[in-house]
Amino acid sequence: MYKQGLYPITAKTASAKGIFDITVLCPEIAELASPGQFAQLLAPGYFLRRPISICGIDKTAGTIRMVFEVRGEGTEALSRLNVGDNIDIMAPLGHGFTKFEGKAVCVGGGIGVPPMLGIASLYGSDAAVITGFRNAAAVILQEDFKSAGCETILCTDDGSAGIHGFVTTALEEYLQSKKADIIYACGPTPMLRAVASTAEKYGVHCEVSLEQRMACGVGACLGCACKIMRDGREQFLHVCKDGPVFDAKEVRFDG
Ligand SMILES: Cc1cc2nc3c(=O)[nH]c(=O)nc-3n(C[C@H](O)[C@H](O)[C@H](O)COP(=O)(O)OP(=O)(O)OC[C@H]3O[C@@H](n4cnc5c(N)ncnc54)[C@H](O)[C@@H]3O)c2cc1C
Ligand code: FES
């Protein structure tokens, strides 16, 4: 079940160059939302909505938080909205992460990091969060993960902050010495493919959040098909309705 309406932006900050962090007062959406789900945001002047992950949910305050990068015209128009402006939101959409007992490792790459905050916060000190960015200037959300009690392992491609290298190497090193019961991941497809294969190698269950171009966002247009192996056969499912979170073993990353 989702809601659609106009809701006021109550906070807005620039997290890094071209990356905006907004909080929206929408109690009926906050009440329904869970980590890993997403919102379809209508940018002023555009017909198609843009999918953005729900990064934080405060059911008491009735707010949701979203962090997005300006990629094209739609997100550029969204970035021009300010505190006090209303934003047209359809949410919560899709199938989010499953919470398990035990220790979690959350792996995020670039703008795939925000969806990790909600699920990592549910684990608190039982979560290690491995995040990767291009460089120090692109790093976001580290203080939020620390405030939630999570262990943080920061990687950058150029070594300008944290470990010089990729999250996939850091994940492998982590699993060599520490136990994990579940791995969650969101980021570029090559990263997800590598995380899925490392999880399989170490026998750890893994859920990945896929990002696919979308139109309707509710399973009506077939615009977001992805190849999934389920019930012993390959099938095309909707990232918007059946995902965006899938069991990594089911995803055919080549499809
Ligand atoms: C389930 C889901 C959750 C997402 N969560 C976030 C989030 O939390 N923060 C965030 O910044 N972005 C997120 N995205 C990506 C975001 O939806 C796109 O960046 C946005 O729709 C681009 O719109 P635009 O009009 O600005 O750009 P366009 O002009 O439409 O495209 C600009 C560039 O972005 C690429 N792009 C367009 N749509 C997508 C997409 N769906 N996924 C990846 N690349 C795309 C295009 O190929 C192009 O290179 C998410 C996408 C999905 C499907
Ligand atoms: S975006 Fe329309 S079916 Fe998924």
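Note that the structure is predicted; figures quoted are calculated from it, not measured.

Asks: Please clarify how the domain arrangement of the chain should be interpreted in this entry.
Replies: Accessible area lost upon the coming together of the parts serves often as the stated size of an interface. As assigned here, the chain comprises domain 1 (3–93) and domain 2 (104–211). One C-alpha centre belongs to domain 1, the other to domain 2, and the line joining them spans 23 Å. Contacts between the two partners involve 12 residues from domain 1, matched on the other side by 15 residues from domain 2. Buried area between domain 1 and domain 2, summed over both chains or domains, comes out near 980 Å², and the portion from carbon and sulfur atoms is 63%.

Asks: Before we go on, may I ask you to explain the pattern of salt bridges in this structure?
Replies: Between side chains of opposite charge, a pair can form as their charged atoms come close. Considering all chains together, one arrives at 11 salt bridges under this definition. One salt bridge connects E76 with R80, and the closest N-O pair in it is separated by 2.2 Å. E76 gets classed as partly exposed once you look at its relative accessible area, which sits at 33%. The class of R80 is exposed, set by a relative accessible area of 53%. The salt bridge partner of K179 is D181, with a shortest N-O separation of 2.8 Å. Given a relative accessible area of 56%, K179 falls into the exposed group. Taken together, the shared-partner salt bridges connect D21, R65 and D144 into one network.

Asks: Please explain the packing of aromatic side chains as it appears in this structure.
Replies: Each aromatic ring pair is characterised by the separation of its centres together with the angle its planes make. A full pass over the atoms with the stated rule returns 3 aromatic pairs. Seen from their ring centres, F97 and Y184 are 5.2 Å apart, and the 75° between their planes marks the pair as edge-to-face. Of this pair, F97 sits in the loop between β7 (86–93) and β8 (104–109) while Y184 sits in strand β12 (residues 182–186); the two residues are 87 residues apart in sequence, bridging distant segments of the chain. Per residue, the accessibility class of F97 equals that of Y184, and both read buried. Members of the aromatic cluster, each reached through a chain of ring pairs, are F97, Y123 and Y184. Cation over ring: K99 sits above Y123, and NZ or CZ is 4.2 Å from the ring centre.

Asks: Got a minute to help me understand the site of ligand 1 in this structure?
Replies: R50, P51, E69, T75 and R213 are the nearest of the 19 residues found near ligand 1. Taking R71, its side chain carries an N or O atom lying 3.4 Å from a nitrogen atom of ligand 1. Between E211 and ligand 1, the recorded distance is 3.4 Å, taken from a side-chain N or O atom to a nitrogen atom. Within the complex, the protein chains bury 80% of what would otherwise be the 850 Å² of accessible surface of ligand 1. For the shell around ligand 1, the secondary-structure elements that each account for two or more residues are β4 (50–53), β6 (63–69) and α2 (73–79). Considering every element that reaches the shell around ligand 1, the biggest residue donor is β4, with 4 residues. Residues belonging to the shell around ligand 1 are distributed by class as follows: 8 nonpolar, 5 polar and 6 charged.

Asks: I tried to follow the pairing of strand β3 (residues 38–42) on my own but got confused; where do I start?
Replies: On a regular strand, each side chain points to the face opposite its neighbour's, so the side chains alternate between the two faces of the sheet. Counting buried positions along β3 yields 4 of 5 residues, so the element is predominantly enclosed. Note that β3 and β4 share 4 bridges and pair antiparallel. Bridge pairing in β4 links Q40 to P51.

Asks: Quick question: what am I supposed to make of the pairing of β8 here?
Replies: Buried residues dominate β8, accounting for 6 of its 6 residues. Covered by surrounding structure in β8 are A104, C106 and G108 together with V105, V107 and G109, the residues of both alternating faces. Note that β8 and strand β9 (residues 127–133) share 6 bridges and pair parallel. Looking across to β9, one finds that G109 is bridged to G132. Direction of pairing for β8 relative to β12: parallel, over a ladder of 5 bridges. The residue of β12 that forms the bridge with V105 is I183.

Asks: Just to check I follow, could you spell out the nonpolar core for this structure?
Replies: Side chains of nonpolar character tend, in soluble globular proteins, to be buried together. Among the nonpolar cores identified, the biggest contains 37 residues, and V107, I130, I183, V208 and L210 are the most heavily contacted of them. Counting contributing residues, this core receives three or more from each of domain 1 (3–93) and domain 2 (104–211). Not counting residues within four places of it along the chain, the set of residues in contact with L210 comprises L192, C226, V239, P244, F246, V251 and F253. Counting residues in each nonpolar core, the second largest holds 28 residues, with C55, Y123, L141 and V245 among its members.

Asks: What am I meant to see in helix α6 (residues 189–201) here?
Replies: Here α6 is 13 residues long and its end C-alpha atoms lie 18 Å apart, about the 18 Å a rise of 1.5 Å per residue gives. Those residues of α6 that fall on the buried side of the exposure criterion are M191, L192, V195, A196, T198 and A199. Buried positions in α6, seen along its axis, are confined to an arc of 165° and lie on one side of it. Along α6, exposed side chains directed more than 90 degrees from the buried face belong to P190, E200 and K201. As for α6, its buried residues are in contact with β8, α5 (167–177), β12 and β13 (205–209). Where α6 ends, the next residue or the one after it, G203, has phi of about 65°, a positive value.

Cut-offs applied
- Residues numbered from 1 in each chain as written.
- Chains lettered and ligands numbered in written order.
- Predicted model: local features only at pLDDT ≥ 70, side-chain atom pairs only at ≥ 80, totals over all residues.
- Heavy atoms only, no water.
- Domains from an automatic or database assignment.
- Contact = heavy atoms within 4.5 Å.
- Buried area = accessible area lost by both parts, 1.4 Å probe.
- Salt bridge = Lys/Arg side-chain N within 4 Å of Asp/Glu carboxyl O.
- Buried < 20%, exposed > 50% of the residue type's maximum accessible area, 1.4 Å probe, protein only.
- Phe/Tyr/Trp six-rings, centres within 6.5 Å; stacked < 30°, edge-to-face > 60°.
- Helix = DSSP H or I, 4+ residues; strand = E, 2+ residues; numbered from the N terminus.
- Lys NZ or Arg CZ within 6 Å of the ring centre and 35° of its normal.
- Near = heavy atom within 4 Å.
- Polar contact = N/O pair within 3.5 Å; in protein donor to acceptor, adjacent residues only side chain to side chain.
- Areas by Shrake-Rupley, 256 points an atom, 1.4 Å probe, with all protein chains shown as cover.
- Nonpolar A, V, L, I, M, F, W, Y, C, P; charged D, E, K, R; others polar.
- Pairing = 2+ DSSP bridges.
- Core = buried A, V, L, I, M, F, W, Y, C linked by side-chain atoms within 4.5 Å.
- Expected span 1.5 Å × (residues − 1).
- Arc of directions from axis to C-beta.

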